[in-house]
Amino acid sequence: MAKQQIVIGDVAYMVNMKWVICDRCKGEGSIGNPAFDGISLNDPEYDEEFFEDYFNGHYDVTCPKCMGAGKMLVVDEDNNSEEFLKVWREEEEYRAECEAERMAEQCF
Ligand SMILES: [Zn+2]
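First things first, this report covers the structure right here in the doc.

Rules used in this analysis
- Residues numbered from 1 in each chain as written.
- Predicted model: local features only at pLDDT ≥ 70, side-chain atom pairs only at ≥ 80, totals over all residues.
- Helix = DSSP H or I, 4+ residues; strand = E, 2+ residues; numbered from the N terminus.
- Rg over C-alpha atoms; globule rule 2.2 N^0.38 Å.
- Buried ≥ 20, exposed ≤ 12 C-beta atoms within 10 Å, placed from the backbone.
- Contact = placed C-beta atoms within 7 Å.

If you tally the helices and strands in the chain, you get 2 helices and 5 strands. Counted from the first residue to the last, the chain has its helices and strands arranged as β-β-β-α-β-β-α. Radius of gyration (C-alpha) of the chain: 19 Å, far over the 13 Å computed for a compact globule of 108 residues. With the C-alpha coordinates of the chain rotated into their principal frame, the extents come out at 55 × 35 × 20 Å. With 108 residues in all, the chain has 6% of them scored as buried. Restricting the contact set of the chain to residue pairs at least 6 apart, pairs at least 24 apart contribute 69%.

Spelled out as structure tokens, the structure:
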């Protein structure tokens, strides 16, 4: 069982962690290059050869979420004290809010 120390506020918790398959790359460890997201099969800029390479993964990049591991260590929500989970969820919510705000404003 993996354990990890997580500090929230002034308190350090020893937290039970679990491995999950990365939801970004589905465990592959790499993803299609985001630079090519949204290109169309009919785009005259790209020829058949490009798409062949593309679908064969030539342009794939290391998954930024799991750093190529294909799996991630996350907090095991079924296996930790309610006290920690409560604080942790609040913290996660707060962080998600900050992230959303930052994206909206494009500044720090
Ligand atoms: Zn990944």
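Here the narrative resumes.
Here we come to the environment of H58. Secondary-structure assignment places H58 in the loop between α1 (48-55) and β4 (61-62). Separated by 25 residues in sequence, H58 and N33 have C-alpha atoms that sit 9.3 Å apart.

Attention now goes to α1. Among the 8 residues that make up α1, 0 are buried, leaving the element largely open to the surroundings. Immediately downstream of α1, the backbone of G57 shows phi near 85°, a positive value.

Let us look at unusual backbone geometry. One non-glycine residue with positive phi stands out, namely K26, at about 55°. Inspection of the secondary structure assignment puts K26 in the loop between β2 (11-21) and β3 (30-31). One non-glycine residue with positive phi stands out, namely M67, at about 55°. The residue M67 is located in the loop between β4 and β5 (71-75) in this model.

Topologically, V15 is positioned in strand β2. Separated by 80 residues in the primary sequence, V15 and R95 have C-alpha atoms spaced 19 Å apart. Sequence-distant contacts of V15, that is, excluding residues within four places in its chain, are made with K3, Q4, I6, V75, N80 and F84.

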